[in-house]
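Spelled out from the first residue to the last, the chains are:
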Amino acid sequence: MSEHNSEQDIVVDDGPSPKPVDEYKDMDEIDTDDLLDEAEITLKPKKTKRKTKRKVEPKRKTTRKGKQVVLPPPVKKKAEFDPERCKALATAYPDSFWQFHADSGYGMINNINDTSLMEAVPCNISDQAAITSMTLSNDGTLLATFSNIGAIKIWDIENDFKLVRKLRDSEEVNIDEFYCGKFASDAQELLVTGGKLKDRHRWSAQDEDNHILPCPIKIFSIADSKVLARLEGHSEEILCIKSVSFDKGNYYISTSQDGYIIKWHVGDDWTTLIESTRMDDGVTCMAFTVSFLPNTGNKYFMAACDETLRLYDFEEAQLLQTFEDMYSSYCDCGKFITWLDESVRQDEEVNVDKMDEDAAPSSWFISRGAEMCDVDDGVSSIPNTCTLHKLVYPTEPAGKFTLETVKKFKHEDYHANSWLVKITSNGRYILAPTIYGQIFVFNILTGQLTAILKEHEDGFVKVYTYKAVDEEVDLDVGMSS
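In this report, we go over the structure that sits alongside the text. (Residues numbered from 1 in each chain as written. Predicted model: local features only at pLDDT ≥ 70, side-chain atom pairs only at ≥ 80, totals over all residues. Heavy atoms only, no water.)

Time to look at the environment of Phe 301. Looking at where Phe 301 falls in the secondary structure, it is placed in strand 19 (residues 300-305). Sequence-wise, Phe 301 and Asp 313 are 12 residues apart; in three dimensions their C-alpha atoms are separated by 6.8 Å. If sequence neighbours within four positions are ignored, Phe 301 has contacts with Ile 253, Ile 261, Met 279, Val 290, Ser 291, Phe 292, Leu 293, Arg 310, Leu 311, Tyr 312 and Phe 314. (Helix = DSSP H or I, 4+ residues; strand = E, 2+ residues; numbered from the N terminus. Contact = heavy atoms within 4.5 Å.)

Right, dumping it as structure tokens:
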């Protein structure tokens, strides 16, 4: 039966009701924000994580006799860890992540220290406004940069970082801001993007910006510089998008400030939407990044949400576990890495009591977050840190994952108490940006700060290589999941 009953199915026993008076019929053209200002209503800032998800009420069936029967919501089987399913998927679809880490043989940056100094490569990767994020093609030959003026630029890394394409939605009548994106497939013909869409003709006093509209995902043809498809479903800013193949199907996965994580099942052309499904958790207020668990065939992923890390079953679209209180304000970035010096750590820290635990399958995960400003505006008594975690997989069906904190990376001059600051790693170092345009480089094995990369400016991308090397080294650039 449809959720919405037709009029003939509704019987009213209490006689006709008085016609309601429309008190607001003359207010249709009045801006809501102006009304709020005049009423002097105090509202919380928009970027708060203390929003409450709307409770889903059970459907009500109205009988022809006017009596209502409350139908319980459909019972969905609770997702549980399935080791056999993971093993089958991992065998059929082995991970393609971490092709370009430090020891991969592509001439990547390996050591960063006093004897391996870095210098910037002369190039002009820039835009007219702040560059909000960037992504590489799967083969590492193209770089896409995104800006908050609605422009995407494609750069040819193998041709001295030459600008080869500029993408903009020429048919968009409102204001585009792009926050994230991804090359949709190995063919490198499509770019999927997301961000914020704002009403060009309406101002929001609450946000001190143009009024935000529902924010679509846009899929561009790189060759034609045109939008081929729009995926509608998020009501606020889109903060992360990834393309993923799972069990012979093509998918996008997106996160948003509206608190929802959505998987989008698309056709072989990566543009035709088959079905969209929200992750079922009912608690997330802001969802930032996602990273898929290694050796699971993309069945499970970890998401940085609110101040927590949450583990989801991608196939069943359900929350499996929540790891609480990672940071006091936001946990806004997390990703799985291949830690190249793991064997060195094991040799140095042999613990007989943990040998059985270490024998269980596991993966390395890095995260960062922001702390509550309890001292002053923008100032926290808790120092900013990045964290190395070890996620230990269950060995039995329906078992629980264990997330261990292995090491925290901090420095008295490392200040990154702002949301949407992304960290990355080459498998040997964590590279952590600050709010002042610096990048702190932490050695994962020792925990020490080994370098600070400076001189970053808004609207520019810096590319680094080794300084004064004896022989010419081709710099190939790549990134992980």
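On we go from here.
On to unusual backbone geometry, then. In this structure, Ser 225 is a non-glycine residue whose phi angle is positive, near 55°. Along the polypeptide, Ser 225 turns up in the loop between strand 12 (215-221) and strand 13 (226-234). Positive phi is not limited to glycine here, since Asn 295 has a value of about 60°. By the secondary structure assignment, Asn 295 is in the loop between strand 18 (287-292) and strand 19. The exposure class of Asn 295 is exposed, given its relative accessible area of 55%. (Buried < 20%, exposed > 50% of the residue type's maximum accessible area, 1.4 Å probe, protein only.)

Attention now goes to the environment of Ile 131. Counting through the fold element by element, Ile 131 comes out in strand 5 (residues 131-136). Put simply, Ile 131 and Phe 146 are 15 residues apart on the chain and 5.6 Å apart in space, counted from C-alpha to C-alpha. Every residue in contact with Ile 131, bar those within four places of it in the chain, is listed here: Ile 125, Ser 126, Thr 145, Phe 146, Ser 147, Gly 459, Phe 460 and Val 461.

With respect to topology, 4 strands assemble into an open sheet ordered 14-15-16-17, the strand pairing being antiparallel. Strands with a single pairing partner mark the edges of an open sheet, and in this sheet they are strand 14 (238-246) and strand 17 (273-278). Averaged over all pairs of adjacent strands, the angle between strand axes in this sheet comes to 20°, irrespective of strand direction. Note: strand 16 (residues 261-266) against strand 17, 5 bridges, orientation antiparallel. (Pairing = 2+ DSSP bridges. Axes fitted to C-alpha atoms, helices over the stretch in contact; angles between N-to-C directions.)

Attention now moves to the side chain of Arg 368. Checked against the element boundaries, Arg 368 lands in strand 23 (residues 362-370). Its relative accessible area of 0% is what places Arg 368 among the buried residues. Among the polar contacts made by the side chain of Arg 368, one reaches the main-chain carbonyl oxygen of Ser 418 at a distance of 2.9 Å. Ignoring anything within four residues of it in the chain, the contact list for Arg 368 reads Tyr 327, Cys 331, Asp 332, Cys 333, Thr 385, Cys 386, Tyr 414, Ala 416, Ser 418, Val 421 and Ile 423. (Polar contact = N/O pair within 3.5 Å; in protein donor to acceptor, adjacent residues only side chain to side chain.)

Here we take up the pattern of salt bridges. In the structure shown here, the tally under the stated rule is 17 salt bridges. Measuring nitrogen to oxygen at the nearest pair gives 2.7 Å for the salt bridge that ties Lys 218 to Asp 169. Here the residue Lys 218 occupies a position in strand 12, and Asp 169 occupies one in the loop between strand 8 (162-167) and strand 9 (175-183), the gap between them amounting to 49 residues. Here Lys 218 and Asp 169 have matching classes, each one buried. Asp 306 is the partner of Arg 310 in a salt bridge, and the nearest nitrogen-oxygen pair spans 3.4 Å. Given the relative accessible area of 7%, Arg 310 is considered buried. Sharing partners across several salt bridges, the network here consists of Asp 169, Glu 172, Asp 176, Lys 218, Arg 230 and Glu 232. (Salt bridge = Lys/Arg side-chain N within 4 Å of Asp/Glu carboxyl O.)

Below, the discussion takes up the environment of Leu 293. Its location among the elements puts Leu 293 in the loop between strand 18 and strand 19. Spatially, the C-alpha atom of Leu 293 lies 9.4 Å from that of Asp 95, the residues being 198 residues apart in sequence. When near neighbours in sequence (up to four residues on either side) are disregarded, Leu 293 contacts Tyr 300, Phe 301, Met 302, Leu 311, Phe 336, Leu 391, Tyr 393 and Phe 401.

Further remarks concern the side chain of Lys 263. You can see Lys 263 is positioned in strand 16. At 6.9 Å, Glu 275 is the nearest oppositely charged side chain to Lys 263, a buried residue that forms no salt bridge. Within the local environment of Lys 263, its side chain forms a polar contact with the backbone oxygen of Phe 314, the two atoms lying 2.8 Å apart. (Lys, Arg positive; Asp, Glu negative; His and termini not counted.)

Along helix 2 (residues 83-92), the positions that sit buried rather than exposed are Pro 83, Cys 86 and Leu 89. Buried residues in helix 2, looked at end-on, bunch into an arc of 130°, giving them a common side. Those residues of helix 2 that are exposed and angled more than 90 degrees off the buried face are Glu 84, Lys 87 and Thr 91. Buried residues along helix 2 sit against strand 14 and strand 19. (Arc of directions from axis to C-beta.)

So yeah, pure geometry; function would need other evidence.
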